[in-house]
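Below are the chains, spelled out letter by letter.
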Amino acid sequence: MRTTIGYTVESIGCVIAAQGLVSFASQTFFGTQWGWLHKLVDLPSAAHLAVLAVGLALVAAGVRTRKPPRRRQAA
């Protein structure tokens, strides 16, 4: 199985976006800290939305940098 850089960037972006979303939701709606992001930094709720945006930007960049599938020529 071959992996291109686009898939790797997408995977990292999905994890970052999920952490931003979970951290924002838990802090805003439940008043608790979920995920592992709060163990690294102490951010306000609005900053977690910025983390979500960065994750989504990485996902978009990963999709854009994927290599198109190779087309086989008929023999």
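In what follows, the accompanying structure is described. (Residues numbered from 1 in each chain as written. Predicted model: local features only at pLDDT ≥ 70, side-chain atom pairs only at ≥ 80, totals over all residues. Heavy atoms only, no water.)

## Looking at the side chain of Q19
Mapping Q19 onto the fold places it in helix α1 (residues 5–30). Excluding anything up to four places from it in sequence, Q19 contacts G35, W36 and L37. (Helix = DSSP H or I, 4+ residues; strand = E, 2+ residues; numbered from the N terminus. Contact = heavy atoms within 4.5 Å.)

## Re helix α3 (residues 45–64)
For α3, built from 20 residues, the straight-helix expectation of 28 Å at 1.5 Å per residue is met to within 8% by its first-to-last C-alpha distance of 29 Å. Residues of α3 that are buried include every one of H48, V51, L52, G55 and G62, and no others. Buried residues of α3, viewed axially, fall in a sector of 100 degrees; they line one side. Those residues of α3 that are exposed and angled more than 90 degrees off the buried face are A46 and R64. (Expected span 1.5 Å × (residues − 1). Buried < 20%, exposed > 50% of the residue type's maximum accessible area, 1.4 Å probe, protein only. Arc of directions from axis to C-beta.)

## Let's talk about the packing of aromatic side chains
Tallied over the full model, the rule gives 2 aromatic pairs. With centroids separated by 6.4 Å and ring planes inclined at 80 degrees, the aromatic side chains of F24 and F29 adopt a geometry described as edge-to-face. The exposed category is assigned to F29, whose relative accessible area is 62%. Seen in terms of ring centroids, F30 and W34 are 4.9 Å apart; in terms of plane orientation they differ by 25 degrees. Their pairing is stacked. Given the relative accessible area of 53%, F30 is considered exposed. According to the relative accessible area criterion, W34 is partly exposed, its value standing at 40%. (Phe/Tyr/Trp six-rings, centres within 6.5 Å; stacked < 30°, edge-to-face > 60°.)

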